[in-house]
Each structure stands twice: as structure tokens, then as C-alpha cells.
Amino acid sequence: MQFKNFFIGCILAILIYALSAFGTHTLLPENSLLFSLSTFIYLLAGIIYLIYWIFKWELGALVGSTIGWSGFILNFLAFIVRWIQTHQAGFGYIPLSNLYESLVFFGLCTAGIYLFLEFKLPTKIFGSIVFLVASFIMSYASLKADAEIKPLLPALKSNWLIAHVITCFLGYGAFAVAFALGIFYLLSSKSNFKNYLPSPTTLDNLMYRLILFGFFWLSLGIITGSVWAEQAWGSYWSWDPKETWSFITWLIYGGTIHARLTRGWRGKKMAWLSIIGFASVLFTYFGVNFLLSGLHSYATPNS
Amino acid sequence: MKKIVDFLASAKLAITLFFILALFSIFGTLLPQGQPAQFYLIKYGKTLGKFILLLHLNNAYYSWWYVATLFLFLINLTICSLRRLPISLKLFKWDSSEIDPDKIPNKMSLKLNKDVTRINAFISNVLNFKKVEKEIKEGYLFFRDFNRWSYLSVYIVHLSLVFILLGGLIGVIWGFKGNLVLIEGETSNQIMPFGKKEPIFLDFYLKLNKFTIELYPNGMPKEYISNVTVIDKNKKIDALIKVNHPLQYKNITFYQASYDEVPQFIISIEKNGKKEIKTLDSMLPLNIDNKYDIFLDTYMRHQGGFLVAKIRIVNEDTGEQQIGFLVEGKPLTVNFGNEKITFNMEGVKPLYMSILQVKKDPGVVLVYLGFICMILGLLAVYFFEPKTFWIYVKPDNKGVLINLGAKAKRERDTLILKLQDLAKKLEKEA
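Here the structure is a predicted model, which is why all the values come from computation and not from measurement. In this numbering scheme, every chain counts its residues from 1 along its sequence in written order. Written order determines the labels here, with chains lettered from A and ligands numbered from 1. The predicted origin of the model limits local features to residues at a pLDDT of at least 70 and limits the giving and counting of side-chain atom pairs to 80 or more, whereas totals for whole chains, interfaces and linings rest on all residues. Calculated side-chain values reflect all of the structure's heavy atoms, with hydrogen atoms and water omitted.

### Topic: the overall build of chain A
Stage number 1. Numbering goes from the N terminus for both helices and strands, where a helix is a DSSP run of H or I of at least four residues and a strand is a run of E of at least two. Tallying secondary structure elements over chain A gives 10 helices and 0 strands in all.
Stage number 2. The linear arrangement of helices and strands in chain A, starting from the amino end, is α-α-α-α-α-α-α-α-α-α.
Stage number 3. With the C-alpha coordinates aligned to their principal axes, the bounding extent of chain A is approximately 55 × 50 × 30 Å.
Stage number 4. Burial classes follow relative accessibility: with a 1.4 Å probe on protein chains only, a residue under 20% of its type's maximum area counts as buried, one over 50% as exposed, and anything between as partly exposed. Evaluated residue by residue, chain A yields a buried proportion of 59% over its 303 residues.
Stage number 5. The contact criterion used throughout is that any non-hydrogen atoms of two residues lie within 4.5 Å. Considering only intrachain contacts with a sequence separation of at least 6, the fraction spanning at least 24 residues in chain A is 78%.
Stage number 6. Surface summary for chain A: the accessible area is close to 12100 Å², and the carbon and sulfur share equals 71%.
Stage number 7. The averaged location of the 10 negative side-chain charges in chain A is 16 Å from the averaged location of its 17 positive side-chain charges. Each accessible area value is a Shrake-Rupley result obtained with a 1.4 Å probe; residue values ignore everything except the protein chains displayed when judging cover. Note on charges: Lys and Arg go in the positive column, Asp and Glu in the negative column, and His and the chain ends are not counted at all. Lysine's charge is taken at NZ, arginine's at CZ, aspartate's at CG and glutamate's at CD.

### Section: helix H6 (residues 116-126) of chain B
Residue and element names in this part refer to chain B.
Stage number 1. Inspection of H6 places Val116, Ile119, Asn120, Phe122 and Ile123 among the buried residues, and these make up the whole buried set. Along the axis of H6, the buried positions cluster into a sector of 160°, meaning they face one direction only. The exposed set on the far side of H6, more than 90 degrees from its buried face, consists of Thr117, Arg118 and Asn125.
Stage number 2. The inward-facing, buried residues of H6 abut strand S1 (108-112), strand S3 (140-146), strand S18 (387-396), strand S19 (399-408) and helix H9 (412-429). Within this analysis, the arc is defined by the directions that extend from the helix axis to the C-beta atoms.

### What about the environment of Phe179 of chain A?
All names here are of chain A.
Stage number 1. With respect to the helices and strands, the residue Phe179 is situated in helix H6 (residues 159-188).
Stage number 2. Taking the C-alpha atoms as reference points, Phe179 and Pro122, separated by 57 residues in sequence, lie 18 Å from one another.
Stage number 3. Once residues within four sequence positions are removed from consideration, Phe179 is found in contact with Ser274, Ile275 and Phe278.

### Notes on the domain arrangement of chain A
All names here are of chain A.
Stage number 1. Either an automatic procedure or a domain database provided the assignment from which the domain bounds are taken. According to the domain assignment, chain A consists of domain 1 (1-152) and domain 2 (163-303).
Stage number 2. Computed from C-alpha coordinates alone, the two centres of domain 1 and domain 2 are separated by 22 Å.
Stage number 3. Domain 1 puts 27 residues into the contact, and the matching count from domain 2 is 33 residues.
Stage number 4. In total, about 2500 Å² of surface goes out of reach between domain 1 and domain 2, with carbon and sulfur atoms giving 83% of it.
Stage number 5. When a carboxyl oxygen of Asp or Glu is within 4 Å of a side-chain nitrogen of Lys or Arg, the pair counts as a salt bridge. Counting across the domain 1 and domain 2 interface gives 0 salt bridges.
Stage number 6. Between N or O atoms, a polar contact is any pair within 3.5 Å; within protein, one atom must be a potential hydrogen donor and the other a potential acceptor, and residues adjacent in sequence are included only when both atoms are from side chains. For the pair domain 1 and domain 2, the number of links is 2 residue pairs in polar contact (both at pLDDT 80 or more).
Stage number 7. It is helix H4 (residues 99-118) that contributes the most residues to the side of domain 1 that touches domain 2, 10 residues altogether.
Stage number 8. Classification convention: Asp, Glu, Lys, Arg as charged; Ala, Val, Leu, Ile, Met, Phe, Trp, Tyr, Cys, Pro as nonpolar; all other residues, Gly among them, as polar. Within the side of domain 1 that touches domain 2, the residues separate by chemical class into 18 nonpolar, 5 polar and 4 charged. For any pair of parts, buried area is found by adding up, for both, the accessible area (1.4 Å probe) each one loses once the two are put together.

### Points about the pairing of S18 of chain B
All names here are of chain B.
Stage number 1. Extensive coverage of S18 is indicated by the burial of 8 of its 10 residues.
Stage number 2. Where S3 and S18 come together, 7 bridges link them in antiparallel fashion. In the sheet register, Arg144 faces S18, and the bridge partner there is Phe389.
Stage number 3. Pairing between strands requires that DSSP locate at least two bridges from one strand to the other. Where S18 meets S19, 10 bridges bridge the pair, whose relative direction is antiparallel. The partner of Lys394 across the bridge, within S19, is Leu401.

### Remarks on the sheet that holds strand S12 (residues 286-288) of chain B
All names here are of chain B.
Stage number 1. Reading across the sheet, the 4 strands line up as S12-S13-S14-S15 and stay open at both edges, with antiparallel pairing between neighbours. Looking along the sheet, the strands with just one partner apiece sit at the ends: S12 and strand S15 (321-326). Averaged over all pairs of adjacent strands, the angle between strand axes in this sheet comes to 25°, irrespective of strand direction.
Stage number 2. Two strands pair when backbone bridges link them, and strand S14 (residues 307-315) and S15 are joined in this way by 6 bridges, in the antiparallel orientation. Bridge pairing links Ile311 to Gly324 in S15. Only the stretch in contact is used when fitting a helix axis, every axis being a line fitted to C-alpha atoms; angles between N-to-C directions are given from 0 to 180 degrees.

What follows is the structure, encoded as C-alpha cells:
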């Protein structure tokens, strides 16, 4: 059966949810507990994918993917629970408004994009890096960001917020997976890795497609952010560091796409551009919040 | 000349500009932008400060080198697109039946032992291919076009960037942005534009009736609301301005940007044994007996936390004036000849001041049009790939030979899979 991993993953996720609900004697366990659980499940999935890859343990592909799906579903359930809990706190909002919420959503997007892509992939080894990255992002959220549910500041009360965050993170998630493929591509030229990896052409093609996908969502993310800024602050573009860095990221990926289409750049160059592009994504997301100041200050850890 | 145009139209230049623009954009994010020159000289020292000012790194996105690069990008984009447009138009108009049946791209062959008319009917009616009407040497040629129009979709994306950049330019030239500061009860039409000294006067007025801050139970701000009235000659319109809910009137938009609190002093004035209670604020002077004007010059918070008001009393008849300081619990007495006035601060009432950002930007429409074009264009580029499929049916004495082939603009890898699917369908279902 083709969707075995998905179905067993669903059942596992529901079981874990039921157990934590039973353990805390409530129908809605604390959302941060559920997010932490999915962090560990992502880590476990990553390790199993890694064992499958390195030791050629064939069953590991199915096990890793099933566990990955259960982590993804649990992460999604946690999102819904947090949504309900914001309403219980008396000021419901869609939980996409601060650093913690955006990080756990980043994890959700990265895992989700990979898992849906996996149905079309010739091999499942990429799960190792993707799930390790997802688990790293999620644990960063638990350790460094404030998980408390706080009411929204006036500037954040806009439907554009939801469109903006969802589109941006779909883009970031795709770039994260493309980054993982870029690393794999560079490894594939090393002789001791060669036997463990699919052909460079497959990697190259997949990487390019993910960059195209990410570029579309990033463009949409910048546009929705721009329209929102126009409504809230009266300026669709104000060269705020966050805006500028998103533009830099857009230029890097835009240049990458054009280099491939018009000049036929392939392989190593693309892999490096995918890595540089993702570094720019991370800087847009973290670096700007921590190192530079600007309009996105509500996304810093202590606000 | 031709060399220059060739250079400006090259894809190499385009790619270089993508990365150079990315690099140039970084500089402005590393330094605080738009501060006065003094700021950089003090913060970064004389040498580095002067260097920053020389290269306009303090206003990087409006500097000559940034604007020039952006402009070069725009020119490159335009020329590049114009040069490629005829090729795309040719592809767009090209008749798929013109192809030589023996030279179909990505050719794939299969042999079927079925009736030719049945196969032809299946290709026309089930697979929805068109039959080429003109005579073909040894068989029948069919074709099917997908998303032919999408050869032009990439130009929509490029055009969208032109729209956005032009919209931005229009905004810079014909628009303005500034602050309108209103204290509760105040009416004004005077805008202080950012980065300029001369105020702009609107041809209508805005009155702030009331400013409200709503709080969540935990004390965090929930909403900032300016209750205003637009006064345009005889017309009066009431409106609420909130964050994320600006007010638009006559192409000018007002945004809730910030607020401040200004104190309003409640004072008692005793003159000739008569005592009155009045409120004094920095907007209008108080008048007593049509003879004295009382101005609130300034106020400051003393270390103990109480407020000190500096007032000025002017005798309208003589022009004589006196200055004094008022603190709660400490009466102030001034003498004008033999007239004695005693002031006493009875209390302080906060008065809100709403800071509205005012903007006129005739370029926004064009920018939004650019946004829409970009979304539609990218959707078209990604999901409506132009593709053409051909089937060449060649009956011979042993059966039917079928040649399949296809071409696509970009996704050539998936074409082979699609052709294999098509071959399977023909084998099983025809």
C-alpha cells in the first residue's frame, strides 16, 4: 500500500496525543508539551533515516517515514490546540504571531514539504538531514523563545498577518529542503559517499524544483507583507532591515533561477547557491531579529 | 553602439546584477539609516564617519550607486525582454501541424496490431488530439497543444517588476509622507513631511475629538483609536482611525502611528478677592478680564515626580510680562502695578496627543497592479507550462507503427514520463 507510512503515522500521532491527554487529565494538553513531543519524534525520525541511509537498513525507510508523519501530524495537532487555547485565554488569534509560533510553524512546513515530496522521490535518505534540521528548529523554539500565549499587539491584528506568515514559511520550508539537497549534492562527489546517494542529476533537478517552489512562495510572502505594511504603517516598502533582507534572499534565488535557465548553471554552482540562499533565509529570519533593529521587533525572543 | 546594446541585453549582465544588487542591499542594513551627519561622525569616529557620508551609506537605498544599479537592472530587464519577445511570439504563433512527421522531438515508437481507424478515432475522441488535415506521406499526424499562451507568461513577471519600480518612482516624485500631530480637541491641516523643514497644508482639516487606548486585562495595549472629524468646507465626516485601519480622504491616507500624553493643568486664579478654576494647556492661552493672557510656556517633571509648569502672564494693555513657576501646593503671586494675581495648581489632567502618519502616494495603484501581475505571471510560468504532443500513425502490412513525440518549454524531464503514459494508454485502451 502506497500510503502506509501516512496512515500508521496518523494512528501513532493520535495515540501519542491520547496518552499525553490522559497523562495530564485533560482533553487539551498544554500545546508546548505537544510541540516538545513532536521535536523528539522528529529527532527520532532523523536518526532512523540516518541508520537506514548509512547501514542500508531497508525497513528503516518505512519506519523513519512513518515516525516522521506521526511527528508532522502531532505538530499540526499542537498548532490546532494552541489555536483553541488562545481562544480560551479570551483573545483568540491564529498562532502565527511571535518567534515561538513562527519557529514551530517553520518546523511544520519543513517536515510537511519533505513528506509530501517523499511520495515522488526515488529514495528516502534525505529524510535524515531534513528531520534533523526540523528537530533543531523546534528545539530552538522550546529553548530560546517564549511559549506563553499573549494577546496580540494592535499592529498584528490583521488578516494579512496570516497570509504573510503562511506564504513566507512555505517558502522557507522549501528552501530548507533545497539546502539539504545542496549538501547531499556536494557530498555526492566525494568517493566514499557516492554509493550511498542517488545520481547527481536527480539531486540537481529536485533542488531546482524546490527552489522554484520556494521562490513562488517567497514572492507571495513579500507581496502580502508589503500590502500589510501599506495598511498598517502607510508604506508598502520602507527599507526596514527585514524587508531588505527578504529582498536580498529573493535576489539570490531569482539570480539562481535565471542562471540555470539562461546560462545553464548546474550541479556544484547550484548546490552552493542553494546553501548561500538558505544562509540568507536564516539571516532574514534570525539575524535581522537579533542583530539589527526594525519593524519586526515583535519577533525577538524577549518581546 | 550595437556592442553596448548587446551588453545591456545580455543574460550574463542580468545574473551579475541579481547578485550585485543583493550585495549592495546588505550595506544599508548594517548601519542605521537616515540619521543626521553628526550621528555618524560621533558614533563611528571621524575617518569612518566621513567615509560613510562620502559613499552615502547613511542613506544607502537612495544613493547614486544604488539607484543607478537598480536603474541598470530595469534597463537590462526591459531590453532583454524586448529582444526575446519576437522569439517567444514566434513560438506562440507557430503551427504545430507544420512539423516534419519523421523529425518529431523526443521520439518514442511502438507497434500495435489493431485497426487503424479505431486507433485514429481513439486519438481524436478520447485523447482529444487534433488531426492534421493536409496530406501526410504515409500516415496520419495528430497533435495537441497545452498552454500555448504561456510562452508569454514570463513577460508578465518581467512587466510586473517594471510596474513596481515605476510605481515606486511615481511615489517618490509626486507623493509625500509626514506627521500630523493633534492634541485632543485640536483642529489642523498642517503636515510636517519627513526629512523636510517646510510644512505642507492640506485643503481640508482634521479634528481630533478623542484618543482612546484599549487594554487587555493583563495591561497590554489592545487598540489605539483616534476619533476624528474631517472638516472640508461645509462638509463634516466622522471617522475612527486605528492601527491597521487607516482613514482615506481625497487620496490622502491617515495612519495611527503613535501617541503621547501631554498634561493639562487645572489652576485656580485669584484676583481682587475673586477666585476662578480654569484649565491651562499648551494649545491656547487663558484670558482673564480681557486684560491678561496666561501662556503655558513649558513644563517638566521634577525629580520627585511632580510636574512643574512654567507660565507667562502678559498684560495686554502695557505689554508687560512676568514669568513664574507653578508647583502643586505652592501658590504663585505676581504683581502688575498694584494689581495682584495669585495662581495655585489644583491638579493635572492628562490630555492625549495622537500622532498620525499622513501619506499621499499616487504610485501605489501601479505597485499593486505589479503585485497582481507578478502573482499571475509566476502561477502561469509554474503551472501552465507550454507543451505540444504529436502522434504519428503509420499503417504498414504488419500492423500499425506509432511514433510519439513532444516538446516543452522547460520541463523536459517529465515529458518522457508523460510520453510513456501516453504509450501505455494507446496499448491498453485503443
